[in-house]
Amino acid sequence: MAAERFSASLRRGLVGCCSMATLRSRLPVLTWLPAYSLTWLKMDALAGLTVGLTVIPQSLAYAEVAGLPVQYGLYSSFMGCFVYCVFGTSKDITLGPTAIMSLLCFLYVRGDPVYAVVLTLLCGILQLTMALFRLGFLLDFISYPVIKGFTCAAAVTIGFGQVKNILGVKDVPQQFFLQVYYTFQKLPEARVGDVLLGVSCLLFLVMMTTMKSSLGCIEDNPSPVVKVSRGLVWTLATVRNALVVIAAACVAYSAEVSGHDFFTVTGRTAAGLPPFSAPPLSETTTNGTRVSFSGIVQDLGGGLAVIPLMGVLESIAIAKAFGSKNNYRINANQEIFAIGLTNILGSFVSAYPVTGSFGRTAVNSQTGVCTPAGGIVTGVLVLLSLAFLMPLFSFIPKASLAAVIICAVAPMIEFSVPPCIWRVRKLDLLPFSVTFLLSFWEVQYGIVGGVVVSGFMLLYLTARPELKVTDHGVLVMELGSGLHFPAVEHFSDVLRAHAVHVSPPRCVVLDCQHVSSIDYTAVNELRDVLKQFKLHGVALVFSGLKCSVLEVLSAADLPGFRHTGSVEAGLQILSANWHYD
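The structure displayed is predicted, hence computed values, not measured ones. (Residues numbered from 1 in each chain as written. Predicted model: local features only at pLDDT ≥ 70, side-chain atom pairs only at ≥ 80, totals over all residues. Heavy atoms only, no water.)

**Q** So what's going on with the packing of helix α14 (residues 240-257) against helix α21 (residues 398-409)? Which residues, and what values?
**A** Between α14 and α21, the least distance of the axes is 9 Å, while the angle of their chain directions is 165°. Put simply, α14 runs roughly antiparallel to α21. Like other packed secondary-structure pairs, α14 and α21 cross with a definite hand, here right-handed. Along its contact with α14, which presents Asn241, Val244, Val245 and Ala248, the element α21 presents Ser400, Leu401 and Val404. (Axes fitted to C-alpha atoms, helices over the stretch in contact; angles between N-to-C directions. Helix = DSSP H or I, 4+ residues; strand = E, 2+ residues; numbered from the N terminus. Parallel < 35°, antiparallel > 145°, perpendicular 65-115°, else oblique. Left-handed = near helix turned anticlockwise from the far one by under 90°. Contact = heavy atoms within 4.5 Å.)

The following block contains the structure:
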């Protein structure tokens, strides 16, 4: 019989694993591919092309932030397009290099491509493990104030880090406070060409962004001329980064041909597609020292925790936001799986860690993408640029890339967040401030500090639940949340202070309608409390117990345990019989 039951259970499990519903949840492409239409193809192709023209200049710029040669930005931009098309659950999101991930990558790999590729592999493995073991709940311990504090600090760090490229100065340290000091110290060394070009690029980008944001303010039912004009402005504003980089490269090339060295350019870049090969697990430095895999892992240190978590957090937050906006739901664990697989496969083409990009996802959504297939067009466009355009990228001025980065991260500095937090709950400014300030010292310290402060605040609320005491002739004490061991001492002290340590002692109705769980420590303390009430000749009656809590208390066989369905019933019992039975 046991063998038959096991066989039947195994058969049901195999049927469940191989069902079409399970297959669709693991391969989300099967949910939209059978219904794919020509209309969808047109919209996806347009969105993919638009995102491609956005991702190419941004990737080159973000590679600069990561401290890597510019081609590594493009190496990191195409794998996610193809992988996410099959395994992703959001039609809008695009995976690739972002400002925050580039900053984090720089902090841990220090410009070493081998370290960056190994980091990508290990990030992917950790993220894939999180997905398989459904550990996405760990992200719930990073609160909104911590996230906002980190993104604001990261935006300031990244933005100010590009000022040196606008000025054309060199040998500026990367640590934020030293960077501020030396940037201002080296102002007399600024190159006029870089400053003029960088400021011009910034002004153009700001102007196009402002024009695009004002398009929604125009009247309904516009004339054909206005409609065409709006379309032209929207198109130019959407591909503004590509326009800036192309124009700046042309200017720099003209100066180079005429024999003038006005601008600081990216310089020589590796031509062609990256080779598809296993990621390097060791490195030989320029002085002949061999760094083993374990040595690389040791050097990466905290980055192996910070970067996978922040990558998943950023991507899922973006996917949820656009899912809510466009009326569809995402599968968080499937999203983590897609990101992890992208990073693992990306390490075979020399990519550094990627995540979802808010800016490019917004472009994707606004262009009217219908399915993740738009990513295929984007990926092909990136591959074509790697195959044929890499020699031209060597003429891109660093000042133009700096302008692209500054305009990309500027919206992340949300000045409205601190006043909003202050209005809603002043105490939440504490984790926000700790994260924001510590992130300028070391990013990982900011995140850890914010999580620790948020954790202590959460523990304090658990240890000091709200206790509301009212007098109806008989005391009524209302518990605001569950009763667990950190709160037991406080609960017991308040209860005894109001009922037992007064003259004369008072009976109490304990309103437990908000108590959904209770642990053994609390039950043990209630046993002592009931004994104290009996010794003082007064009664304690429980009311509004949920079934799960009543079951625990009944199983504990507490002496003198009495309960009612409501506070009113408890008051009637104690009013009719004041003394303990």
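**Q** If you had to explain the sheet that holds strand β7 (residues 508-511) to someone new, which residues and values would you point to?
**A** The mixed open sheet is built from 5 strands, whose spatial order is β5-β6-β7-β8-β9. Of all the strands in the sheet, just β5 (467-471) and β9 (563-564) have a single pairing partner and so form its edges. Its contacts with the sheet put helix α25 (residues 485-499) on β5, β6 (475-479), β7 and β8 (540-543), and the angle it makes with β6 is roughly 165°. Across the sheet, helix α26 (residues 520-535) lies against β7 and β8, angled at about 135° from β8, the strand it touches most. (Pairing = 2+ DSSP bridges.)

**Q** Can you break down helix α17 (residues 332-346) residue by residue, with the values?
**A** Spanning 15 residues, α17 covers 21 Å between terminal C-alpha atoms, matching the ideal 21 Å at 1.5 Å per step. Burial runs high along α17: 12 of the 15 residues are buried. When we look at burial in α17, the residues that qualify are Asn333, Gln334, Glu335, Ile336, Ala338, Ile339, Gly340, Leu341, Thr342, Asn343, Ile344 and Gly346. On the buried face of α17, the contacting elements are α2 (20-26), α6 (79-87), β1 (95-96), α8 (113-132) and α16 (303-325). (Expected span 1.5 Å × (residues − 1). Buried < 20%, exposed > 50% of the residue type's maximum accessible area, 1.4 Å probe, protein only.)

**Q** If you had to explain the domain arrangement of the protein to someone new, which residues and values would you point to?
**A** When cut into domains, the protein gives domain 1 (38-217 + 224-272 + 297-412), domain 2 (416-463) and domain 3 (467-577). In this structure, domain 2 and domain 3 have C-alpha centres spaced 35 Å apart. (Domains from an automatic or database assignment.)

**Q** Run through the environment of Leu135, naming residues and quoting values.
**A** The residue Leu135 is located in the loop between α8 and α9 (144-161) in this model. For Leu135, a relative accessible area of 27% gives the class partly exposed. A sequence separation of 198 residues divides Leu135 from Asn333, and the C-alpha atoms of the two residues are 8.0 Å apart. Excluding its chain neighbours within four sequence positions, the residues that come into contact with Leu135 are Met130 and Asn333.

**Q** A description of the pattern of salt bridges should follow, citing residues and the corresponding values.
**A** In the structure shown here, the tally under the stated rule is 7 salt bridges. Glu189 serves as the salt-bridge partner of Lys186, at 3.9 Å between the closest nitrogen and oxygen. Overall, the relative accessible area of 47% leaves Glu189 in the partly exposed class. For Arg191, the salt bridge goes to Asp261, with nearest N and O atoms at 3.7 Å. Taken as a pair, Arg191 in the loop between α11 (176-185) and α12 (192-213) and Asp261 in the loop between α14 and β2 (283-284) lie far apart in primary sequence, 70 residues in all. Arg191 sits in the partly exposed class, given a relative accessible area of 24%. When its relative accessible area of 56% is taken as the criterion, Asp261 is described as exposed. (Salt bridge = Lys/Arg side-chain N within 4 Å of Asp/Glu carboxyl O.)

**Q** Lay out the packing of aromatic side chains with the relevant residues and their values.
**A** Evaluated as defined, the whole model comprises 17 aromatic pairs. Geometrically, the ring pair formed by Phe322 and Phe358 is tilted, given 5.6 Å between the ring centres and 55° between the ring planes. One end of the pair, Phe322, is in helix α16; the other, Phe358, is in helix α18 (residues 358-366), with 36 residues separating them in the sequence. Residue Phe322 is classed as buried on the basis of its relative accessible area, which comes to 6%. Among the aromatic residues, those joined into a ring-pair cluster are Phe160, Phe176, Phe177, Phe184, Phe432, Phe436 and Phe440. (Phe/Tyr/Trp six-rings, centres within 6.5 Å; stacked < 30°, edge-to-face > 60°.)

**Q** For α11, give the residues involved together with the corresponding values.
**A** Among all positions of α11, only Phe176, Gln179 and Thr183 are buried. Angularly, the buried residues of α11 cover 50° about the axis, an arc narrow enough to put them on a single face. Seen from the open side of α11, the exposed residues pointing more than 90 degrees away from its buried face are Tyr181 and Phe184. Where the residues of α11 are buried, they touch α9 and α10 (163-167). If you check the start of α11, you find a side-chain oxygen 3.0 Å away from the backbone N of Phe177, and it comes from Gln175. (Arc of directions from axis to C-beta. Polar contact = N/O pair within 3.5 Å; in protein donor to acceptor, adjacent residues only side chain to side chain.)

**Q** Give a description of unusual backbone geometry that names residues and reports values.
**A** Residue Pro504 is reached from Ser503 by a cis peptide bond, and omega for that bond is -5°. Summarising the element assignment, Pro504 is placed in the loop between α25 and β7. You will see that Asn327, though not glycine, has its phi angle at about 65°, which is positive. For Asn327, the position within the fold is in the loop between α16 and α17. If you check the backbone angles, Asp557 has positive phi at about 55° while not being a glycine. With respect to the helices and strands, the residue Asp557 is situated in the loop between α27 (547-555) and β9.

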